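# Coordinates in review
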Amino acid sequence: LQCDAQSAFDSADDAESFEAARVAFTGAKKGRLKDVQKQMGAVPNEEKKTAGLKLNEVKSAIQTALETAQSRLGGGDDSGVDPTFDPTLPGNRPIIGHIHPITQTINHLMEIMGRMGFEAAEGPEVEDPWHNFVALNIPEDHPARDPLDNFYLATAAAAKADRNVEGEQLLRSQTSTVQIRIMEERQPPIRIISLGRVYRPDQPDATHFPMFHQMEGLLVDKNVTMANLKTVLRVFATNYLGDDVEIRFRPSFFPFTEPSVEVDFLWDGTWIEFGGAGMIDPNVFKAVGYDPDEVSGFAFGLGVERLCMRRHGITDIRDLYSGDLRFLRQF
Ligand code: FA5
């Protein structure tokens, strides 16, 4: 038995043959050592001592052969620990991902506006023409409703004809829709912001993308003036872009504000538009059931991507949506 075991362990050259030898000789149930042990009962009393000593000798010789084979094959002890494992080396950092720069920007903007008392509100991305246009004083024949400037949801007939036509619903083209939804639900005073995605069939370039985010602001109360609007936008811009940011207001036109302005910041010597704003048009107040002689207010809609780009020195909006981790990991 001892000779058989010795040669079996000596000739074991991989984990499989080692395991076969281990089971054959030292296996708890069918191992040959076990068989011999079982036969000890039949040994006459006077020979028991000698036989016992011999058995122990064989057992320890087999155990030695087993351990020699085990360490030769690299198993070391059988604690399951890889002998090449060095617990003092630094570990591999698990890849857990991180928050997208636009989401980080949204959280930052909410925090700044929150300090000025603006509460965050939300509205749906699939809208009806009432909230996206009509209540915002954009009549049926207005060019802003053109199918070429909006993503209308296909009606069955339009889909069949493969045409994008003005239909029941569309992907909202601006967050100004949320102004209407909030005013329909609540009474003044109101002070909210709404941050979310909007969609326009714009040709992508360094400053345009067909899906982007806006931060809408709405404040309605008594005796609100254009000076209040300009102060809020200035305080916001210096908080987010730094005390030395230069911003300017240009006269403009939006159907839902009167007067209206466009707001620009200076970036490396060039004025870049980052939003539109103005005093709420009386027709909008009427559409939501407010009395324009009783209340006044302002609204603004800012491009979130452009703010994020200016703060972080990103020169192409498309980088934000390329999904390139080498770019995204920098934020
Ligand atoms: C509006 O969308 C108005 N709703 C803003 C407004 C709100 C005016 C409340 C008055 C009162 P405009 O179309 O200019 O305005 O868009 C606002 C900003 O969105 C732009 O200044 C720009 O920063 C951003 N923007 C517009 N189109 C794109 C685009 N394709 N990609 C990225 N950003 C865009």
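These numbers come from a predicted model, not from an experiment.

What counts, and where the lines are drawn
- Residues numbered from 1 in each chain as written.
- Predicted model: local features only at pLDDT ≥ 70, side-chain atom pairs only at ≥ 80, totals over all residues.
- Heavy atoms only, no water.
- Salt bridge = Lys/Arg side-chain N within 4 Å of Asp/Glu carboxyl O.
- Helix = DSSP H or I, 4+ residues; strand = E, 2+ residues; numbered from the N terminus.
- Buried < 20%, exposed > 50% of the residue type's maximum accessible area, 1.4 Å probe, protein only.
- Expected span 1.5 Å × (residues − 1).
- Contact = heavy atoms within 4.5 Å.
- Axes fitted to C-alpha atoms, helices over the stretch in contact; angles between N-to-C directions.
- Parallel < 35°, antiparallel > 145°, perpendicular 65-115°, else oblique.
- Nonpolar A, V, L, I, M, F, W, Y, C, P; charged D, E, K, R; others polar.
- Core = buried A, V, L, I, M, F, W, Y, C linked by side-chain atoms within 4.5 Å.
- Pairing = 2+ DSSP bridges.
- Arc of directions from axis to C-beta.
- Polar contact = N/O pair within 3.5 Å; in protein donor to acceptor, adjacent residues only side chain to side chain.

## A word on the pattern of salt bridges
On inspection of all chains with the given rule, the structure shows 14 salt bridges. With a shortest N-O distance of 3.0 Å, glutamate 111 and arginine 115 are connected by a salt bridge. One end of the pair, glutamate 111, and the other, arginine 115, are both in helix α5 (residues 101-115), four residues apart, so they sit about a helical turn from each other. A residue is classified by how much of its surface remains accessible, and glutamate 111, at 41% relative accessible area, is partly exposed. Under the relative-accessibility criterion, arginine 115 is labelled exposed at 56%. Put simply, Arg248, Arg250, Glu262 and Asp264 are held in one network by salt bridges that share partners.

## Remarks on helix α4 (residues 45-72)
With 28 residues, α4 ought to run about 40 Å at 1.5 Å a step, and its terminal C-alpha atoms sit 41 Å apart, in line with that. Taken together, the buried positions of α4 are occupied by Leu55, Val58, Ala61, Ile62, Ala65, Leu66, Ala69 and Gln70. Where α4 is buried, its residues meet α1 (2-11), α2 (15-26) and α3 (32-39). Looking at the residues trailing α4, positive phi occurs at glycine 74, about 85 degrees.

## Let's talk about the packing of α5 against helix α11 (residues 304-312)
Where α5 contacts α11, the two axes come as close as 10 Å, and the packing angle between them is 95 degrees. If you check the angle between α5 and α11, you find them roughly perpendicular. In this structure, α5 uses Pro101, Ile102, Thr105, Ile106, His108 and Leu109 to contact α11, whose residues at the interface are Val304, Glu305, Leu307, Cys308 and Arg311. By residue class, the composition of the contact of α5 with α11 is seven nonpolar, two polar and two charged.

## Here's the deal with the nonpolar core
Among the nonpolar cores identified, the biggest contains 42 residues, and Met113, Met215, Phe236, Phe298, Phe300 and Leu307 are the most heavily contacted of them. Sort the elements by how many residues they give to this core and helix α9 (residues 226-241) lands first, with seven residues. The next biggest cluster of nonpolar side chains, apart from the first, holds 23 residues, and it includes Ile180, Ile192, Ile280 and Phe285.

## Description of the pairing of strand β9 (residues 270-280)
With nine bridges connecting them, strand β8 (residues 257-267) and β9 associate as antiparallel partners. The partner of phenylalanine 265 across the bridge, within β9, is isoleucine 272. Between the end of β8 and the start of β9, which pair antiparallel, lie two residues, with aspartate 268 showing a positive phi angle near 50 degrees. Where β9 and strand β10 (residues 296-303) come together, five bridges link them in antiparallel fashion. The residue bridging glycine 278 from the neighbouring strand is alanine 299, located in β10.

## A few points about α9
End to end, α9 covers 22 Å across 16 residues, agreeing with the expected 22 Å (1.5 Å per residue, within 8%). By the burial criterion, the buried members of α9 are Leu229, Val232, Leu233, Phe236, Ala237, Tyr240 and Leu241. Taken down its axis, α9 places every buried residue within 125 degrees of arc, on the same side. One side-chain oxygen at the N-terminal end of α9 lies 3.2 Å from the backbone nitrogen of alanine 227; it belongs to threonine 225. A positive backbone phi angle near 110 degrees is found at glycine 242, which sits one or two residues after α9.

## What about the sheet that holds β8?
Reading across from one edge, β1-β5-β6-β10-β9-β8-β7 is the order of the seven strands in this open sheet, with mixed pairing throughout. Edge positions in the sheet fall to β1 (119-120) and β7 (247-254), since each has one partner strand and no second. Packing of α9 onto the sheet brings it into contact with β6 (211-221), β7, β8, β9 and β10, and relative to β10 it is tilted by some 30 degrees.

## Observations concerning unusual backbone geometry
With an omega dihedral of 0 degrees, the bond running from proline 188 to proline 189 counts as a cis peptide bond. Within the secondary structure, proline 189 sits in the loop between α8 (176-185) and β5 (190-199). The omega torsion of the bond from glutamate 258 to proline 259 falls at -5 degrees, within 30 degrees of zero and hence cis. Its place among the elements puts proline 259 in strand β8. The phi dihedral of asparagine 137 is positive, around 70 degrees, even though this residue is not glycine. By the element assignment, asparagine 137 lies in the loop between α6 (129-132) and β3 (151-152).

## Side note on the pairing of β10
With eight of eight residues buried, β10 lies mostly within the body of the structure. Of the two faces of β10, the one holding Ser296, Phe298, Phe300 and Leu302 and the one holding Gly297, Ala299, Gly301 and Gly303 are both buried throughout. Here eight bridges tie β6 to β10, and the two strands are oriented antiparallel to one another. Among the inter-strand pairings, leucine 219 is bridged to a residue of β10, identified as phenylalanine 298.

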